[in-house]
Amino acid sequence: MAKRRKLIVGNWKMNGRLTSGLNLAREVADRATASMPLTFDIVLCPPATLIWPIAETLMGSPVLLGGQDCHYANHGAYTGDLSAGMLADLGCRYVILGHSERRMAYGEQGDLIAQKVTSAQLAGLTTIVCLGETLEQRASGATETAIVQQLSASLPDKYHASQLVVAYEPIWAIGTGEVPSVEEIRIVHRLIRRSLGVAGETVQVIYGGSVVPNNAESILQDDDIDGVLVGSASLNGDGFWTIADKAR
Ligand code: PGA
């Protein structure tokens, strides 16, 4: 089986102002450009306010851009929302969907996420669909059931496997410093692959939750882990690049 390319994604969440965001993006872009040709893909997902200025900063570098969410509609009367087409218009190639912070804060559920996947793929974006178990589900041995259920609920009946990435993000590992063992991640990633059927051969399954420079190497060396989704550690250019560089 051909080796899948690794994918490194920085999710800035609601962090970064114009100057600090541009500086951070420039640092990552410079490091990536100096390491060309890259053997992995690297994506920054800044807050929506910074997408356009950062798009200009990243021009000519191998660093790609992504959004952190989008609406399922293409346009219309949806105050405060952004469509996938708008993200694509600014040069985004990826969008994160169904992050647990949105599932929890806004009650986003599978059917809504599946609609977003369809519309984002139609707009040409690669969709990074996040899922993961809670601490209670893990403690009661319900991890596998929760993952399979969330995966099938969050995907539309028809989707393009070439535009899908699945991010396994245990909720208890996000922002906590707690990380499952590589073996535990591998088991869930294999389960996700099996659940995807034929698409599982090609879809990148990445891990997210407290990835830092110190644990990135063992995570990224595993053949069942196709990359990482990095939150807080992506807010430091040097640290984020140190993580990405382990994918070489
Ligand atoms: P973290 O966040 O790296 O800060 O744990 C990961 C995520 O929420 O994607």
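Look a little higher up for the structure.
Note that this is a predicted model, so its numbers are computed, not measured. (Residues numbered from 1 in each chain as written. Predicted model: local features only at pLDDT ≥ 70, side-chain atom pairs only at ≥ 80, totals over all residues. Heavy atoms only, no water.)

1. Things to note about the side chain of R4
Moving on, step 1. Structurally, the position occupied by R4 is in the segment before strand 1 (7–11).
Moving on, step 2. Classification of R4 by relative accessible area gives buried; the value is 14%.
Moving on, step 3. A polar contact is formed between the side chain of R4 and the side chain of D226, at a distance of 3.0 Å.
Moving on, step 4. With residues up to four places along the chain from it excluded, the contact list for R4 reads R193, G200, E201, T202, V203, D223 and D226. (Helix = DSSP H or I, 4+ residues; strand = E, 2+ residues; numbered from the N terminus. Buried < 20%, exposed > 50% of the residue type's maximum accessible area, 1.4 Å probe, protein only. Polar contact = N/O pair within 3.5 Å; in protein donor to acceptor, adjacent residues only side chain to side chain. Contact = heavy atoms within 4.5 Å.)

2. Observations concerning the packing of helix 1 (residues 18–34) against helix 10 (residues 237–245)
Moving on, step 1. The geometry of helix 1 relative to helix 10 is characterised by a closest axis approach of 9 Å and an angle of 35° between their N-to-C directions. For the pair helix 1 and helix 10, the crossing hand works out as right-handed. Counted together, L24, E27, V28, R31 and A32 of helix 1 and G237, D238, F240 and W241 of helix 10 form the full contact between these two elements.
Moving on, step 2. The class makeup of the residues in the contact of helix 1 with helix 10 is five nonpolar, one polar and three charged. (Axes fitted to C-alpha atoms, helices over the stretch in contact; angles between N-to-C directions. Left-handed = near helix turned anticlockwise from the far one by under 90°. Nonpolar A, V, L, I, M, F, W, Y, C, P; charged D, E, K, R; others polar.)

3. Brief notes about the site of the ligand
Moving on, step 1. Close to the ligand lie 13 residues, the nearest being K13, H99, E169, G175 and S210.
Moving on, step 2. S210 places a main-chain nitrogen or oxygen 2.7 Å from an oxygen atom of the ligand.
Moving on, step 3. One nitrogen or oxygen atom from the main chain of G231 is found 2.8 Å from an oxygen atom belonging to the ligand.
Moving on, step 4. Relative to its unbound accessible surface of 280 Å², the ligand loses 97% to contact with the protein.
Moving on, step 5. Here the shell around the ligand is composed, by residue class, of four nonpolar, seven polar and two charged. (Near = heavy atom within 4 Å. Areas by Shrake-Rupley, 256 points an atom, 1.4 Å probe, with all protein chains shown as cover.)

4. Side note on helix 7 (residues 143–154)
Moving on, step 1. Relative to the 16 Å expected for 12 residues at 1.5 Å per residue, helix 7 spans 16 Å between its end C-alpha atoms, a close match to the ideal helical length.
Moving on, step 2. Buried residues of helix 7: T143, A146, I147, Q150, L151 and S154, and no others. Projection of helix 7 onto a plane perpendicular to its axis shows the buried side chains occupying an angular sector of 125°, all on one side. Relative to its buried face, helix 7 has exposed residues pointing more than 90 degrees away, namely T145, Q149 and S152. (Expected span 1.5 Å × (residues − 1). Arc of directions from axis to C-beta.)

By themselves, these observations are geometric and do not establish any function.
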